[in-house]
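Single-letter residue listing:
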Amino acid sequence: MRAEYVEAVLDVVELIPAGHVLSYGDIAALLERGGPRQVGAVMSAHGSAVPWWRVVRAAGQPPLCHEATALVHYREESTRLHGETRGQHPSWRVDMAAARWNPGNDDLDRIDAVAARLHAAEGPPSDPAGAMSEPRDGLGA
C-alpha cells in the first residue's frame, strides 16, 4: 500500500466528527481512489492512530472483532444505533441514515485538498471509472 494512500485515508478519517461515521466505500469515493477493501486494509494496518470506530461497513456494522470497543465509543459520542446492544447476543449496527457524515463546504474543501495531494502523488487512475476493455477480436469473432 502506497504511503500517500495511507496518509490520505487517515486524513479523511480524522475529519469525521464525533457521533458520525463513513463507510469504507464512502472514503474511497471521496478520495476517488481505491475501494472499500483498500480503505479497510489501511484501517486494519494503520487505523489505531485515528478514530477508527467512525469507519464502518456499508450496512453500519463496526469493524470486525472490535464491536465491543466500538460500542463504547459510540455510546460516548452519542452515535445513533439500531438494534439491541445488550444481552447475550447483541444485534446492533450504526444507524447509517442518521449517523452518516454529510460534510459541509469547508470539510469538502479539506477533503478535496487531501484528494488533490493523493492524485498529484499517484497520477491518473490506472483504470478510470467507466472504462471498458476492448475484446481481442471483437464481440462477434
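Peer 1: Before we move on, can you summarise the overall build of the protein chain with the specific residues and values?
Peer 2: Helix and strand counts for the protein chain stand at six helices and four strands. Reading the helices (α) and strands (β) of the protein chain from amino to carboxyl end gives α-β-α-α-β-α-β-β-α-α. Considering only contacts in the protein chain between residues 6 or more positions apart, those separated by 24 or more positions represent 61%. Working note: accessible area of the protein chain is about 8700 Å², and carbon and sulfur atoms make up 50% of it.

Peer 1: Which residues make up the packing of aromatic side chains, and what values go with them?
Peer 2: On inspection of all chains with the given rule, the structure shows two aromatic pairs. With a centroid separation of 5.6 Å and 85° between ring planes, the pair formed by Trp52 and Trp53 is classed as edge-to-face. Both residues of the pair, Trp52 and Trp53, belong to the buried class. Between Tyr74 and Trp92, the aromatic rings sit 5.8 Å apart at their centres with planes inclined by 75°, giving edge-to-face as the arrangement. Here the residue Tyr74 occupies a position in helix H4 (residues 67-77), and Trp92 occupies one in strand S4 (residues 91-94), the gap between them amounting to 18 residues. The buried category is assigned to Trp92, whose relative accessible area is 13%.

Peer 1: Which residues make up the packing of helix H1 (residues 3-15) against helix H3 (residues 36-46), and what values do they have?
Peer 2: Helix-helix packing: each pair is described by the crossing angle between the helix axes and the interaxial distance. Close contact between H1 and H3 brings their axes to 10 Å; oriented N to C, the two are set at 85°. One element, H1, and the other, H3, form an angle in the roughly perpendicular class. Between H1 and H3, the contacting residues are Tyr5, Val6, Val9, Leu10 and Val13 on the first element and Gln38, Val39, Val42, Met43 and His46 on the second. By residue class, the composition of the contact of H1 with H3 is eight nonpolar, two polar and no charged.

Peer 1: Got a sec to walk through the confidence of the model for the protein chain? Specific residues and values, please.
Peer 2: Averaged over every residue, the pLDDT of the protein chain is 88; residues scoring 70 or more account for 84%. Residue range residues 130-141 is modelled with pLDDT below 50. Its contacts to residues more than four positions away, or to other chains, number zero contacts.

Peer 1: Please provide a residue-by-residue account of the packing of helix H2 (residues 24-31) against H3, values included.
Peer 2: In the contact formed by H2 and H3, the axes pass within 8 Å of each other and the chain directions differ by 105°. When the axes of H2 and H3 are compared, the pair comes out roughly perpendicular. Taken together, the residues of H3 that come into contact with H2 (itself represented by Tyr24, Gly25, Ile27 and Ala28) are Pro36, Val39, Gly40 and Met43. Of the residues that constitute the contact of H2 with H3, the class distribution is six nonpolar, two polar and no charged.

Peer 1: Give me the pattern of salt bridges: which residues, what numbers.
Peer 2: When their charged atoms lie close together, side chains carrying opposite charge are able to pair. One pass over the structure, following the stated rule, counts seven salt bridges. The partner of Glu122 in a salt bridge is Arg33, and the shortest N-O contact between them spans 3.2 Å. Of the two residues, Glu122 is situated in helix H6 (residues 105-122) and Arg33 in the loop between H2 and H3; the sequence distance between them amounts to 89 residues. Here Arg33 falls in the buried class, since its relative accessible area comes to 10%. Among the ionic pairs, Asp95 bridges to Arg80, the shortest N-O distance being 3.9 Å. Of this pair, Asp95 sits in the loop between S4 and helix H5 (96-99) while Arg80 sits in the loop between H4 and strand S3 (81-84), placing them 15 residues apart in sequence.

Rules used in this analysis
- Residues numbered from 1 in each chain as written.
- Predicted model: local features only at pLDDT ≥ 70, side-chain atom pairs only at ≥ 80, totals over all residues.
- Heavy atoms only, no water.
- Helix = DSSP H or I, 4+ residues; strand = E, 2+ residues; numbered from the N terminus.
- Contact = heavy atoms within 4.5 Å.
- Areas by Shrake-Rupley, 256 points an atom, 1.4 Å probe, with all protein chains shown as cover.
- Phe/Tyr/Trp six-rings, centres within 6.5 Å; stacked < 30°, edge-to-face > 60°.
- Buried < 20%, exposed > 50% of the residue type's maximum accessible area, 1.4 Å probe, protein only.
- Axes fitted to C-alpha atoms, helices over the stretch in contact; angles between N-to-C directions.
- Parallel < 35°, antiparallel > 145°, perpendicular 65-115°, else oblique.
- Nonpolar A, V, L, I, M, F, W, Y, C, P; charged D, E, K, R; others polar.
- pLDDT = per-residue confidence, 0-100.
- Salt bridge = Lys/Arg side-chain N within 4 Å of Asp/Glu carboxyl O.

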